[in-house]
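# Topology and contacts: notes
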Amino acid sequence: MEHIKTKIEDRILSIFLDRGKSNAIDTLLLKELIVTLETAQDNDSVQGIILIGKENFFSAGLDLITLYNYNEEQISEFWILFMETTTLLAAFPKPIVAAISGHSPAGGCVLALCCDYRIMAEGNFVIGLNEIPVGLIVPESIFLLYAFWIGKRHAYQNLLEGKLLSPVEAKAQGLVDEVVPANVLFNTATKKIKQITQLNQSTWQTSKLNFRKEIILKLRENRDETIQRILEQWWLPATRAILKSIIENLASKNTIK
């Protein structure tokens, strides 16, 4: 695989996101993540999963530079895969701990929200959902997923403001469970996943899926309609203008560096 690296140790599968500097999400990364998760779900030797990024970036979210140039067929495939990945992660029966190694806005935050436990590295990082200021629609299912952890009031306000939180702010709101130095992030995640897998897994997994039933149903229902609304918004001139401005700003920063 090009953008996913894995290792299994003590029946724990570590999935390392490894796409460029910032782990920005494109079609291929989603395809590889789906295959990895589906294989792990059917593998009895895997009891739990750690999902981790790289130094300074868990995932910067969608690769807007690449996606902006997708044609209609390509962008449709991307959003189908993104919703499929989100549903698969959220409904994954085995425990998943997100080791948030740095920045995790937008799509990166969505991946982390699907996990059972989130541990974030200390530092000048941000996490949250900032889609609305970018001009992208946030489906009701993603709102429910966000609210599941931080409550509807915070989710409502954060989404409408496009608010991104520091690790300390994220912990205060319940978006992340622990904030630790980066050099102990993976070990802390390993310790946590092993604690969970020591519990009766039949009981744990059944309970997890029961508690998430509303979210899973919402992610699965009317998915075609949800994607269609996202696509309609994606091609609006106003949205394209915002995306182009963001891309030009990113290109300018890269040039300065």
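Preceding this section is the structure that the text describes.
Residues numbered from 1 in each chain as written. Predicted model: local features only at pLDDT ≥ 70, side-chain atom pairs only at ≥ 80, totals over all residues. Heavy atoms only, no water.

### Considerations on the overall build of the chain
Inclusion rule: Here a helix means four or more residues in a row that DSSP labels H or I, a strand means two or more in a row labelled E, and each is numbered from the N terminus. The globule rule used for comparison is 2.2 Å times the number of residues to the exponent 0.38, while the radius of gyration itself is calculated over C-alpha atoms. Each residue is assigned to one of three classes by its accessible area relative to the maximum for its type, calculated with a 1.4 Å probe on protein chains only: buried under 20%, partly exposed between the two thresholds, exposed over 50%. The contact criterion used throughout is that any non-hydrogen atoms of two residues lie within 4.5 Å. Accessible surface is estimated by sampling points in the Shrake-Rupley manner with a 1.4 Å probe; for residues, cover comes only from the protein chains shown. In this tally, Lys and Arg are treated as positive and Asp and Glu as negative; His is ignored, and so are the chain termini. Here the site of a charge means NZ on Lys, CZ on Arg, CG on Asp, or CD on Glu.
Each helix and strand in the chain was counted, giving 13 helices and 10 strands. For the chain, whose C-alpha radius of gyration is 17 Å, the value lies close to the compact-globule estimate of 18 Å for 257 residues. Projected onto its principal axes, the C-alpha coordinates of the chain cover approximately 55 × 40 × 40 Å. When the 257 residues of the chain are sorted by exposure, 51% land in the buried category. Residue pairs at least 24 apart in sequence account for 75% of intrachain contacts in the chain once pairs closer than 6 positions are excluded. As presented, the chain carries roughly 12,100 Å² of accessible surface, and 52% of it is formed by carbon and sulfur atoms. For the chain, the distance from the average site of its 27 positive side-chain charges to the average site of its 29 negative ones is 5 Å.

### Examining unusual backbone geometry
Non-glycine residue Asn-56 carries a positive phi angle of around 80°. Here Asn-56 shows up in strand β4 (residues 56–57). Judged by relative accessible area, which is 36%, Asn-56 ranks as partly exposed. Phi at Asn-222 is positive, roughly 50°, even though this residue is not glycine. Relative to the elements of secondary structure, Asn-222 occurs in the loop between α11 (213–220) and α12 (223–234). Overall, Asn-222 belongs to the partly exposed group, its relative accessible area being 46%.

### Quick word on the nonpolar core
Filter applied, for reference: By convention a nonpolar core is built from buried Ala, Val, Leu, Ile, Met, Phe, Trp, Tyr and Cys residues, the set being connected through side-chain atoms within 4.5 Å.
In this structure, Ile-49, Leu-62, Phe-78, Trp-79, Phe-82, Ile-127 and Leu-175 are the most contacted members of the largest nonpolar core, which totals 81 residues. With nine residues, helix α3 (residues 72–90) is the largest single contributor of residues to this core.

### Quick look at the pairing of strand β5 (residues 96–100)
Keep this limit in mind: Strand pairing requires that DSSP identify at least two bridges connecting the strands.
Most of β5 sits inside the fold, with five of its five residues counted as buried. Burial of the side chains of β5 extends over both faces: Ile-96, Ala-98 and Ile-100 are buried on one face and Val-97 and Ala-99 on the other. In this structure, strand β3 (residues 48–52) lies alongside β5, joined through four bridges in parallel fashion. Within the sheet, the bridge partner assigned to Ile-52 lies in β5 and is Ala-99.

### Things to note about a nonpolar patch on the surface
So the rule is basically this: The patch calculation keeps residues exceeding 30% relative accessible area without a salt bridge and links them within 9 Å when they carry like charges or within 5 Å when they are nonpolar (Val, Leu, Ile, Met, Phe, Trp, Tyr). Within this document, salt bridges are pairs made up of a side-chain nitrogen of Lys or Arg and a carboxyl oxygen of Asp or Glu, the two lying within 4 Å of each other.
A contiguous nonpolar patch, built from Ile-132, Tyr-156 and Leu-160 and spanning about 310 Å² of accessible area, is present on the exposed surface. Position of Ile-132 among the secondary structure elements: in helix α5 (residues 131–134).

### Description of the sheet that holds β4
Pairing is mixed in the open sheet, where four strands are placed in the order β4-β6-β8-β9. Either end of the sheet is taken by a strand with one partner, and the two such strands are β4 and β9 (164–165). Bridge analysis of strand β8 (residues 127–128) against β9 gives two bridges, and the strand direction is antiparallel. Within the sheet, the bridge partner assigned to Gly-128 lies in β9 and is Leu-164.

### Observations regarding the layout of surface pockets
One way to see where empty space is left: roll a probe the size of a water molecule over the atoms. Convention followed: Cavities and pockets were defined on a 1 Å grid built over protein atoms only: a cavity is a set of grid points that admits a 1.4 Å probe from which the probe cannot escape, a pocket is an open set flanked by protein on both sides within 12 Å along at least five of seven lines, and lining residues are those with an atom within 4 Å of any such point. Grid points are joined across faces, edges and corners, and a volume is the space filled by probe spheres set on the points. Following the grouping adopted for this structure description, the nonpolar residues are Ala, Val, Leu, Ile, Met, Phe, Trp, Tyr, Cys and Pro, the charged ones are Asp, Glu, Lys and Arg, and the polar ones are all others, Gly among them.
Size it by volume and the largest pocket reaches roughly 1,100 Å³. Lining the largest pocket are 36 residues, and of these Phe-57, Ala-60, Leu-62, Pro-105 and Leu-250 sit closest to its centre. Residue assignment for the lining of the largest pocket shows that the elements contributing at least two residues are α2 (64–68), α3, β6 (102–105), α4 (107–113), α5 and α13 (237–256). Top contributing element to the lining of the largest pocket by residue count: α13, with five residues. Tallied by class, residues from the lining of the largest pocket come to 24 nonpolar, seven polar and five charged.

### Description of helix α1 (residues 27–41)
To keep it simple, the criterion reads: The span expected for a helix works out to 1.5 Å for each residue beyond the first. A 3.5 Å cut-off defines polar contacts: any pair of N or O atoms within that distance qualifies, except that in protein one atom must be a possible hydrogen donor and the other a possible acceptor, and neighbouring residues in sequence count only when both atoms are side-chain atoms.
The end-to-end C-alpha separation of α1 is 21 Å, in line with the 21 Å expected for 15 residues at 1.5 Å each. N-cap assignment for α1: the residue whose side-chain oxygen lies 3.4 Å from the backbone N of Leu-28 is Asp-26.

### Thoughts on the packing of α3 against α12
Rules: Throughout, an axis means a line fitted to C-alpha atoms (over the contacting stretch in the case of helices), and angles, computed between N-to-C directions, take values from 0 to 180 degrees. For classification purposes, angles smaller than 35 degrees are called roughly parallel, those larger than 145 roughly antiparallel, those between 65 and 115 roughly perpendicular, and all remaining angles oblique. Crossing handedness is read from the near helix: turned anticlockwise from the far helix by less than a right angle, it gives a left-handed crossing, and turned clockwise, a right-handed one.
The N-to-C vectors of α3 and α12 enclose an angle of 135°; their axes lie 10 Å apart at closest approach. Taken together, α3 and α12 sit at an angle that is classed as oblique. Here α3 runs over α12; the crossing is right-handed. Contacts from Ile-75, Ser-76, Trp-79, Ile-80, Met-83, Glu-84 and Thr-87 of α3 reach α12 at Arg-223, Ile-227, Ile-230, Leu-231 and Trp-234. Of the residues that constitute the contact of α3 with α12, the class distribution is eight nonpolar, two polar and two charged.

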